[in-house]
Amino acid sequence: MFGNRMLKGVFLVGLGATSYGMLATFVKLAYKENYTTAEVTTSQFVLGILGILLINAFQRSKKKNEVVQASSRNIFHLMLAGTSLGMTSVFYYLAVKYIPVSIGIVLLMQTVWMGVLLEWILDKKAPSIQKIVSVFIVLIGTALATNLLKSDINLDWRGIMWGMLAAASFTTTMFTANRIATGISSAQRSLYMLLGGAIIVFGFSIATQVTPFNFDIFAKWGIVLAVFGTIIPPLLMNAGFPHTGIGLGSIVSSLELPVSVMMAFIILDETVVFSQWIGILLIILAIVIMNVNFRKN
């Protein structure tokens, strides 16, 4: 029975991570059709919220009184945490506007060492040797995966800046999401975090959209972005993590990295050299090392 639950959890988390991994490629395709970052993020969040609202309504009608309702305190904290989710989307989509998707996802994975640093600062607890080793492996892997060691590399500094900001905000999202209102359903948690994120996204759109808003984005790319970015991943990963545990779940969720690079390689025809694949494997290895309990028999 335990084995079936574990397998179910691995499948759910893996599917959610794979979905996230496809997202940046769809954004890049939308950019090729001259849609703006404001149009991309707005369509994703509006349709994502509508989708999650339908799922919540379905759960309430099916389970009736069994669903634990979020308190006003839960809602406030989740929406506050969700603002970092909105910032992650904006920063990440701005990053892949200036740099290849394969580089953007590597920058986003800097959450590995940022998470260790944030935990150290907030919990006043020095990282273990295991985590320190993982951080160094991530940094080496990043240097290889971004082709940083090649003298002729020419990456737009704006993409690097937005990519690092996306990693920082995503670190905050992961750190807070695992600690806030864990007693309510994943659908409710996703909804309120999306509402918080929408505040940031809509504010960004109002501030940056200088041309008339192209509402065609909703039918053309909005549905795809909402399904793969704001509906499937949080629901599946929130449902899967209780079965896998944080350690195994984090390892499985690292599938996002190779999936994103493969999508960019196949669909966008981005160049990914052998040393970059080595760097990607090193980052995944670091995630495995960080989340495996070597003392456990």
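For the structure itself, look to the data block above.
Residues numbered from 1 in each chain as written. Predicted model: local features only at pLDDT ≥ 70, side-chain atom pairs only at ≥ 80, totals over all residues. Heavy atoms only, no water.

## Comments concerning the overall build of the chain
- Looking only at helices and strands, the chain has eleven helices and zero strands in total.
- Order of helices (α) and strands (β) in the chain, N terminus to C terminus: α-α-α-α-α-α-α-α-α-α-α.
- Relative to the 2.2 N^0.38 estimate, which gives 19 Å for 297 residues, the radius of gyration of the chain is 19 Å and therefore close to what a compact globule would have.
- When its C-alpha atoms are laid out on the principal axes, the chain stretches across 60 × 60 × 35 Å.
- A buried classification covers 48% of the 297 residues belonging to the chain.
- Counting contacts in the chain only where the partners sit at least 6 residues apart, residues at least 24 apart contribute 89% of the total.
- Only carbon and sulfur atoms are counted for the fraction: they give 69% of the accessible area of the chain, which is about 14800 Å².
- Taking the average location of the 20 positive side-chain charges in the chain and that of its 11 negative ones, the two points are 14 Å from each other. (Helix = DSSP H or I, 4+ residues; strand = E, 2+ residues; numbered from the N terminus. Rg over C-alpha atoms; globule rule 2.2 N^0.38 Å. Buried < 20%, exposed > 50% of the residue type's maximum accessible area, 1.4 Å probe, protein only. Contact = heavy atoms within 4.5 Å. Areas by Shrake-Rupley, 256 points an atom, 1.4 Å probe, with all protein chains shown as cover. Lys, Arg positive; Asp, Glu negative; His and termini not counted. Charge placed at Lys NZ, Arg CZ, Asp CG, Glu CD.)

## Description of the nonpolar core
- If you look at the biggest cluster of nonpolar residues, it comprises 65 residues, and the most contacted ones within it are V40, Y92 and L257.
- Among the elements that take part in this core, helix α3 (residues 72–98) stands out by supplying nine residues, more than any other.
- Setting aside chain neighbours within four positions, we find V40 in contact with V27, A30, Y31, Y35, Y93, I217 and L225. (Core = buried A, V, L, I, M, F, W, Y, C linked by side-chain atoms within 4.5 Å.)

## Description of the environment of A167
- Tracing the chain through its elements places A167 in helix α7 (residues 157–177).
- Given a relative accessible area of 0%, A167 falls into the buried group.

## Quick look at the pattern of salt bridges
- Enumeration according to the criterion identifies two salt bridges in this entry.
- E33 serves as the salt-bridge partner of K220, at 2.9 Å between the closest nitrogen and oxygen. Of the two residues, K220 sits in helix α9 (residues 216–253) while E33 sits in the loop between α1 (2–32) and α2 (37–63), which places them 187 residues apart along the sequence.
- Taking the relative accessible area as the measure of exposure, E33 reaches 33% and is therefore partly exposed.
- A salt bridge links D156 to R158; the shortest N-O distance between them is 2.8 Å.
- The class of D156 is partly exposed, set by a relative accessible area of 22%. (Salt bridge = Lys/Arg side-chain N within 4 Å of Asp/Glu carboxyl O.)

## Comments concerning the packing of aromatic side chains
- Under the criterion given, the structure shown has seven aromatic pairs.
- Relative to F218, the ring of F213 lies with its centre 6.1 Å away and its plane at 40°, an arrangement referred to as tilted.
- Accessibility expressed as a relative area gives 23% for F213, which makes it partly exposed.
- Judged by centre distance (6.1 Å) and plane angle (15°), the ring pair of F215 and F218 falls under stacked.
- Assessed through its relative accessible area of 59%, F215 is described here as exposed.
- An aromatic cluster is built from F26, W221 and F228, whose rings are joined through pairwise contacts.
- Positioned above the aromatic ring of Y31, the side-chain terminus of K97 is 5.7 Å from the ring centre. (Phe/Tyr/Trp six-rings, centres within 6.5 Å; stacked < 30°, edge-to-face > 60°. Lys NZ or Arg CZ within 6 Å of the ring centre and 35° of its normal.)

## Some words on the environment of Y98
- One can find Y98 in helix α3.
- Given a relative accessible area of 30%, Y98 falls into the partly exposed group.
- Sequence separation of Y98 and I267 is 169 residues, and the distance between their C-alpha atoms is 18 Å.
- Among residues more than four places away in sequence, those in contact with Y98 are D156, R158, G159 and W162.

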